[in-house]
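# Coordinate inspection notes
Now for the letters of each chain:
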Amino acid sequence: QGIEDISISRETVTWGIPVPWDEKHSFYVWVEALCNYYTATQFIEGKENFWPAQLHLVGKDIVWFHTVIWQALLLAAELPLPKTIFAHGFFTIDGQKMSKSLGNVISPAQIIERYSVDGARYVLMSANQFGNDGDISLAKFDDAYNADLAHGLGNLVARVSKLAEGEAGITKPKEFSPTVVSLIETYALDGALADIWASIKKVDAYLNQHEPWKIKDDPEKRLSIVLAAAKDVVQIAYNLQPFMPETSEKILAQFCGDSIATAQPYFMKLS
């Protein structure tokens with residue numbers, strides 16, 4: 001777009017921070033606001049190492065300020081630049097921009113109240129390709145919650161824990177699955193979730209194929225099938241940590257303790 005000199009102050013804005021060497025001027029709001037990304041890390045205890053940012057997330061409508069003005073200020077001050085800047089899109093409601101006048105706003109509190117914190121994380125992160133605009137609605141969220149959480153993840157955890165109840169706990173994994181790592185590192189968050197849910201379906205299909213609940217005369221074979229499924233559930237829970245940390249922690253505690261235990265359903269189906 002072309003990079004030209006910009007004025008860092010405004011003479012007509014009376015409510016801004018005064019320029020020390022000319023108090024008729026106040027600092028351009030973006031200049032003083034952007035500096036907070038760095039300065040806030042220098043006086044809040046324990047935040048000194050938070051800059052440079054590994055990933056700086058910004059809305060797509062303010063990319064220029066963050067990738068031109070902010071970078072120029074950092075270079076001039078000889079401070080390190082953010083390692084990555086990622087611009088995200090906007091959510092629309094049933095194809096329309098959110099608007100108070102239209103009354104089509106969905107608040108974060110409303111989503112959390114309906115789906116829980118982890119459920120809200122899931123329905124939002126899986127709703128569209130991260131970075132792009134995405135159309136959302138409570139009806140779509142309800143469908144995703146019921147199909148993927150209440151039925152998919154919740155049902156699998158309940159099913160496997162019941163089959164493996166009382167067996168020795170599974171060793172907690174030390175690494176995320178390579179595909180999940182690769183997708184998260186390229187910010188394909190919806191892709192990482194899709195890969196995890198493909199694993200959930202795979203374990204369900206494995207159980208349906210081998211039907212360990214029907215095996216009566218070969219306890220070793222039954223146990224082998226059940227523990228294989230339990231190990232896969234544990235890896236799924238481990239992979240879910242960046243997206244659903246509270247649920248992940250509960251599942252890992254359920255399967256990786258002294259013995260595998262059943263628990264109350266984590267996600268109740270919405271009517």
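Counting from 1, residues in each chain are numbered in the order their sequence is written. Local features in this predicted model are restricted to residues of pLDDT 70 or higher, and side-chain atom pairs are both shown and tallied only at a pLDDT of 80 or more, whereas totals for entire chains, interfaces and linings draw on every residue. Heavy atoms from the whole structure form the basis of all side-chain values; hydrogens and water molecules are not counted.

## Re the sheet that holds strand E1 (residues 9-10)
At least two DSSP bridges between two strands are needed for those strands to be called paired. The secondary structure listing takes helices from DSSP runs of H or I that are at least 4 residues long and strands from runs of E that are at least 2 residues long, numbered from the N terminus. Read across the open sheet, the three strands follow the order E1-E3-E2; overall the sheet is antiparallel. The sheet is open, and its two borders are formed by E1 and strand E2 (18-19), each paired with just one other strand. Alignment of E1 against strand E3 (residues 22-27), held across two bridges, turns out to be antiparallel. Looking at E3, one finds that Ser 9 is bridged to Phe 27.

## Observations regarding the packing of aromatic side chains
Paired rings are identified among Phe, Tyr and Trp, the last through its six-membered ring, by centres lying within 6.5 Å, and are further divided according to the angle between planes into stacked (under 30 degrees), edge-to-face (over 60) and tilted (the rest). Summed over the entire model, instances satisfying the criterion amount to 12 aromatic pairs. Plain terms: the ring middles of Trp 30 and Phe 65 are 4.2 Å apart, the flat faces sit at 10° to each other, and that makes the pair stacked. Here Trp 30, found in helix H1 (residues 29-34), pairs with Phe 65, found in helix H3 (residues 63-76); they are 35 residues apart in sequence, far enough to count as distant. Ring geometry for Tyr 115 and Phe 141: centres 6.0 Å apart, planes at 90°, overall edge-to-face. Of this pair, Tyr 115 sits in helix H4 (residues 108-115) while Phe 141 sits in helix H6 (residues 138-164), placing them 26 residues apart in sequence. Of the aromatic side chains, those joined through ring pairs into one cluster are Tyr 115, Phe 141, Tyr 145 and Phe 267. In our convention, an over-ring charge means Lys NZ or Arg CZ found within 6 Å of a ring centre and within 35 degrees of that ring's normal. Looking at Arg 10, its charged tip hangs above the ring of Tyr 28, at a distance of 4.0 Å from the centre.

## Remarks on empty space enclosed by the protein
A water-sized probe, rolled over the atoms, reveals where empty space remains. Detection works on a 1 Å grid of protein atoms alone, calling trapped sets that fit a 1.4 Å probe cavities and calling open sets with protein on both sides within 12 Å along at least five of seven lines pockets, with lining residues defined by an atom within 4 Å of a point. Grid points are joined across faces, edges and corners, and a volume is the space filled by probe spheres set on the points. Using the criterion set out here, one finds one cavity of 30 Å³ or more in the structure. Here the largest cavity is characterised by a volume of approximately 40 Å³. Of all the elements, H6 adds the most residues to the lining of the largest cavity, at four residues. Polarity classes work like this: nonpolar for Ala, Val, Leu, Ile, Met, Phe, Trp, Tyr, Cys and Pro, charged for Asp, Glu, Lys and Arg, and polar for all others, with Gly in that last group. Class assignment for the residues of the lining of the largest cavity results in five nonpolar, four polar and no charged.

## A closer look at the side chain of Asp 204
With respect to the helices and strands, Asp 204 occurs in helix H8 (residues 189-210). When accessible area is computed with a 1.4 Å probe and restricted to protein chains, residues below 20% of their type maximum are described as buried, those above 50% as exposed, and intermediate ones as partly exposed. Residue Asp 204 is classed as buried on the basis of its relative accessible area, which comes to 16%. We call two residues in contact when some of their heavy atoms are within 4.5 Å. Not counting residues within four places of it along the chain, the set of residues in contact with Asp 204 comprises Leu 156 and Arg 159.

## Considerations on the pattern of salt bridges
The working definition used for a salt bridge is a side-chain nitrogen of Lys or Arg within 4 Å of a carboxyl oxygen of Asp or Glu. Scanning the model with the defined rule gives seven salt bridges in all. The salt bridge involving Lys 140 is made with Asp 135; its shortest N-O contact spans 3.1 Å. In this structure, Arg 159 and Asp 204 form a salt bridge, with 2.7 Å as the shortest nitrogen-oxygen distance. A residue pair is termed long-range when its members are at least 10 positions apart, and Arg 159 in helix H6 and Asp 204 in helix H8 qualify at 45 residues.

## A word on the sheet that holds strand E7 (residues 96-97)
Across the sheet, which stays open at both edges, the three strands sit in the order E7-E6-E8 with mixed pairing between neighbours. The open sheet terminates on both sides in strands that have one partner only, identified here as E7 and strand E8 (134-136). Sheet topology note: the strand E6 (residues 91-93)/E7 ladder contains two bridges and is antiparallel. The partner of Ile 93 across the bridge, within E7, is Gln 96.

So, to be careful, I would describe these as geometric facts and stop short of saying anything about function.
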